[in-house]
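Examining the three-dimensional arrangement
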Amino acid sequence: MPTRRLMPDVIKNQELSCLPSGATVRDAATLMAEKRIAAVLVTEGRTLKGIVTERDMTVRVVAAGLDPDTTPLSAVMTENPDTLEPSATALSALDLMEQRRYRHLPIAVDGEVVGMVSIRDLFAVVRAQLEDELRSREAYMFGSGYSAEARLG
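Residues numbered from 1 in each chain as written. Predicted model: local features only at pLDDT ≥ 70, side-chain atom pairs only at ≥ 80, totals over all residues. Heavy atoms only, no water.

For the rest of this paragraph, the subject is the pattern of salt bridges. Under the counting rule described, the total for this entry stands at four salt bridges. Residue Asp69 is joined to Arg26 by a salt bridge in which the shortest nitrogen-to-oxygen separation is 2.7 Å. On the criterion of sequence distance, the pair formed by Asp69 in the loop between helix H3 (54-62) and helix H4 (73-76) and Arg26 in helix H2 (residues 25-35) is long-range, its members being 43 residues apart. By relative accessible area, which is 45% here, Asp69 ends up partly exposed. (Salt bridge = Lys/Arg side-chain N within 4 Å of Asp/Glu carboxyl O. Helix = DSSP H or I, 4+ residues; strand = E, 2+ residues; numbered from the N terminus. Buried < 20%, exposed > 50% of the residue type's maximum accessible area, 1.4 Å probe, protein only.)

The buried fraction of strand E5 (residues 104-109) is high, at five of six residues. Counted between consecutive antiparallel strands, the loop separating E5 from strand E6 (residues 112-118) contains two residues, among which Asp110 sits at a positive phi close to 50°. (Pairing = 2+ DSSP bridges.)

This next bit is on the pairing of strand E2 (residues 39-44). Both faces of the sheet carry side chains from a regular strand, because those side chains alternate between them. Taking burial as the measure, the six residues of E2 include five buried ones, the bulk of the element. Where strand E1 (residues 18-19) lies against E2, two bridges are found, and the strand directions are parallel. Following the sheet pairing, Leu19 is matched in E2 by Val42. Relative to strand E3 (residues 47-53), E2 runs antiparallel, the two sharing six bridges. Its bridge partner being in E3, Val42 is matched across the sheet by Gly50.

Turning to the layout of surface pockets, a few remarks are in order. Computed from the structure, the largest pocket encloses a volume of approximately 540 Å³. Lining the largest pocket are 20 residues, and of these Ile37, Ala38, His104, Ser118 and Asp121 lie nearest its centre. Only E2, E6 and helix H6 (119-142) provide two or more residues apiece to the lining of the largest pocket. Of the residues contributing to the lining of the largest pocket, the split by class is nine nonpolar, four polar and seven charged. The volume enclosed by the second largest pocket comes to roughly 330 Å³. Lining the second largest pocket are 15 residues, with Thr53, Asp56, Thr78, Arg101 and Tyr102 sitting closest to its centre. (1 Å grid on protein atoms, 1.4 Å probe; cavity = no way out; pocket = protein on both sides within 12 Å on 5 of 7 lines; lining within 4 Å. Points joined across faces, edges and corners; volume = space filled by probe spheres on them. Nonpolar A, V, L, I, M, F, W, Y, C, P; charged D, E, K, R; others polar.)

Structure (structure tokens):
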């Protein structure tokens, strides 16, 4: 996993879900529901201004008693979120996300957002890496014709 880069190894051909800071919380919730996603990037053009997640909506809107139809994203977003460059490794993203306790991390170049990686994306990378390592060790220990699938079949 250490050599897998965020782009293009972890995410590629990603459609970004972005809204301007003046959009309402309801706009963000509707977009999240339509796209079945848990975070929206707040941008001006391609410049990243913030991020709004389901957790932000729960804590900063619902629990605070704010009206989602009138509350702008600028009032509840995490401003200037941490970002990583596309060339950063999957492991560095995982470390940062674990350290800071969040599940979505924007990928940006000079302030322009180019992607977003989620903990789910990184889980898929870790799982694939573990499966590759298992196959390699089985081949080494039992010969190249041996595999877990053959044993179970």
